Amino acid sequence: MYLPPHDPHVDDPMRFKPLFRIHLMERKCATVECMYGHKGPHNGHIQIVKKDEFSTKCNQTDHHRMSGGRQEEFRTWLREEWGRTLEDIFHEHMQELILMKFIYTSQYDNCLTYRRIYLPPSSPDDLIKPGLFKGTYGSHGLEIVMLSFHGKKAKGTKITGDPNIPAGQQTVEIDLAHPLQLPDIENLRDFSELSRIVLEVQEQVRREEQEEEHQQEEGDRSQQAASQPAAKPLGGEGAEGEETAAGAEGTTQNKTPASQPFVLPMGVISRNEDYPRTCRICFYGTGLIAGHGFTSPERTPGVFVLFDDDRFGFIWLELKSFSLYSRIKVSFQNAEAPSREAFDEMLKNIQSLAT
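Residues numbered from 1 in each chain as written. Predicted model: local features only at pLDDT ≥ 70, side-chain atom pairs only at ≥ 80, totals over all residues. Heavy atoms only, no water.

1. Description of the environment of Arg115
Thought 1: Within the secondary structure, Arg115 sits in strand S7 (residues 112-115).
Thought 2: Residue classification places Arg115 among the exposed residues on the basis of a relative accessible area of 59%.
Thought 3: Distance in space between the C-alpha atoms of Arg115 and Val49 is 9.7 Å, their sequence separation being 66 residues.
Thought 4: Apart from the residues lying within four places of it in its own chain, the contact partners of Arg115 are Asp52 and Glu53.
Thought 5: Side-chain polar atoms of Arg115 contact the side chain of Glu53, separated by 3.1 Å. (Helix = DSSP H or I, 4+ residues; strand = E, 2+ residues; numbered from the N terminus. Buried < 20%, exposed > 50% of the residue type's maximum accessible area, 1.4 Å probe, protein only. Contact = heavy atoms within 4.5 Å. Polar contact = N/O pair within 3.5 Å; in protein donor to acceptor, adjacent residues only side chain to side chain.)

Structure (structure tokens):
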């Protein structure tokens, strides 16, 4: 397992933790050992579920228990997961979230399902190289997000989740057709000024979407070929939106934007105060928020801030919170790791032995 660094140090390297291992013997004999817990390797099982997916099961979960009971297990997990003790965490809400995560993760006892992650393709026109990033999520700690590009949109998808937003959900969406011109550094400290700028762009985006829907409805009612309405430029504000999009593409794809001073507005909370003080460009975006258990999810306006090729940030306007993201550069394999083909063949051998 590759664990993110301890909160809030997003630039630190990922941490490596073995979960299981496979011994291949002569005559195609194989044994599986669970590495979870602190009592050494013990008997485990692996099963292929379907393509790009397999499951592990520990057959001796008593090896995961500690003599001091759940309290000792929790304190040990807290030191490993967060790099601190419960006494170091004074925020009551954060203590609650940490306890929820411990209860949620420990109940599986290393009986897990693994699915292969396909990284997004890279294009020379991308704002930065897509890939995996570590990001700060307030009291939830550090989480892993996959950044991908889709034409005039960029998306951040959660690889790891939390009690509010689970893995697989689109945590942020960036509208590359709507760059934001930040105010000068002094006015940027005023949260109300930044909020005004973002909400104006949000209203512009809403009007453009309504205009596009209207155009689509007109095209559906028309007896002409479907391509004819799409070939006509949008009128009024829609035309301005097209020009804005073209301008955004020229800015992000054909030119290297000059750096500009950056500082978080007063009142915006950041887990990591060591964020860059200059940025390349900012865009309007939306972030997904929800209650515990992914209840009442909604997309709220925000600001995507590109710092450099390996770091970006997102200001959650409604939460008055800032997330800092840093690229994961680890190759996700160690010297003894088998190739994808070898690992797939290994799993097939184990499956055939089991049947």
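2. Observations regarding the pattern of salt bridges
Side chains bearing opposite charge may pair, as long as their charged atoms lie close to each other.
Thought 1: Applying the stated criterion across every chain yields a total of 22 salt bridges.
Thought 2: Note that Arg21 is salt-bridged to Glu33, the shortest N-O span being 2.6 Å. Of this pair, Arg21 sits in strand S3 (residues 20-24) while Glu33 sits in strand S4 (residues 30-34); the two residues are 12 residues apart in sequence, bridging distant segments of the chain.
Thought 3: Taking the relative accessible area as the measure of exposure, Arg21 reaches 34% and is therefore partly exposed.
Thought 4: Across the salt bridge formed by Glu53 and Arg115, the nearest N and O atoms sit 3.1 Å from each other. In this pair, Glu53 sits in strand S6 (residues 53-58) while Arg115 sits in strand S7, placing the two residues 62 residues apart along the sequence.
Thought 5: Bridged by salt links that share partners, the residues Arg65, Arg70, Glu73 and Asp109 form one connected network. (Salt bridge = Lys/Arg side-chain N within 4 Å of Asp/Glu carboxyl O.)

3. Concerning the confidence of the model for the protein chain
Thought 1: When pLDDT is averaged along the protein chain, the result is 83, and 82% of the positions lie at 70 or above.
Thought 2: Of the regions scoring below 50 in pLDDT, residues 229-255 engages in 30 contacts with residues more than four places distant in sequence or in other chains. (pLDDT = per-residue confidence, 0-100.)

4. So, helix H1 (residues 69-82)
Thought 1: Taking 1.5 Å of rise per residue, 14 residues should cover 20 Å, and H1 covers 20 Å from first to last C-alpha, within 8% of that figure.
Thought 2: Within H1, the full set of buried residues consists of Glu73, Phe74, Thr76, Trp77, Leu78, Glu81 and Trp82.
Thought 3: The inward-facing, buried residues of H1 contact strand S1 (2-3), strand S2 (15-16) and helix H2 (92-106). (Expected span 1.5 Å × (residues − 1).)

5. Regarding the packing of aromatic side chains
Thought 1: Taken as a whole and judged by the stated rule, the model has 20 aromatic pairs.
Thought 2: For the ring pair Phe54 and Tyr114, a centre distance of 4.9 Å and an interplane angle of 5° mean the geometry is stacked. Of this pair, Phe54 sits in strand S6 while Tyr114 sits in strand S7, placing them 60 residues apart in sequence.
Thought 3: Residue Tyr114 is classed as partly exposed on the basis of its relative accessible area of 21%. (Phe/Tyr/Trp six-rings, centres within 6.5 Å; stacked < 30°, edge-to-face > 60°.)

6. Looking at unusual backbone geometry
Thought 1: Residue Pro8 follows Asp7 across a cis peptide bond; omega there is 5°.
Thought 2: Looking at the element boundaries, Pro8 is found in the loop between S1 and S2.
Thought 3: The phi dihedral of Asp52 falls on the positive side, at around 60°, and the residue is not glycine.
Thought 4: Following the sequence through the fold, Asp52 ends up in the loop between strand S5 (42-50) and S6.

7. Structural notes on the sheet that holds S4
Thought 1: Taken together, five strands build an open sheet; the order of strands is S3-S4-S5-S6-S7 and the sheet is antiparallel. Because the sheet does not close on itself, it has two edges, and the strands there are S3 and S7. Neighbour-to-neighbour, the strand axes of this sheet turn through a mean angle of 35°, independent of strand direction.
Thought 2: As paired strands, S5 and S6 are joined by six bridges and run antiparallel to one another. Within S6, the residue paired with Ile48 across the bridge is Phe54. (Pairing = 2+ DSSP bridges. Axes fitted to C-alpha atoms, helices over the stretch in contact; angles between N-to-C directions.)

8. Side note on the pairing of strand S9 (residues 142-150)
Thought 1: Among the nine residues that make up S9, eight are buried, leaving the element largely enclosed by the rest of the structure.
Thought 2: Of the pairings in the sheet, the one linking strand S8 (residues 131-136) to S9 comprises six bridges and is antiparallel in character. Across the sheet, Gly135 pairs through a bridge with Glu143, a residue of S9.
Thought 3: In textbook terms, the turn of a hairpin is the stretch between consecutive antiparallel strands, and for S8 and S9 this stretch comprises five residues, one of which, Gly138, has a positive phi near 55°.

9. Let's talk about H2
Thought 1: In a regular helix each residue adds 1.5 Å, so 15 residues correspond to 21 Å; H2 covers 21 Å between its end C-alpha atoms and thus fits that length.
Thought 2: Buried within H2 are the following residues: Met94, Leu97, Ile98, Phe102 and Ser106. Relative to the axis of H2, the buried residues are bounded by an arc of 150° and lie together on one face. Opposite its buried face, H2 presents the exposed residues Glu92 and Tyr104, each directed more than 90 degrees away.
Thought 3: In the core, the buried residues of H2 are packed alongside H1. (Arc of directions from axis to C-beta.)

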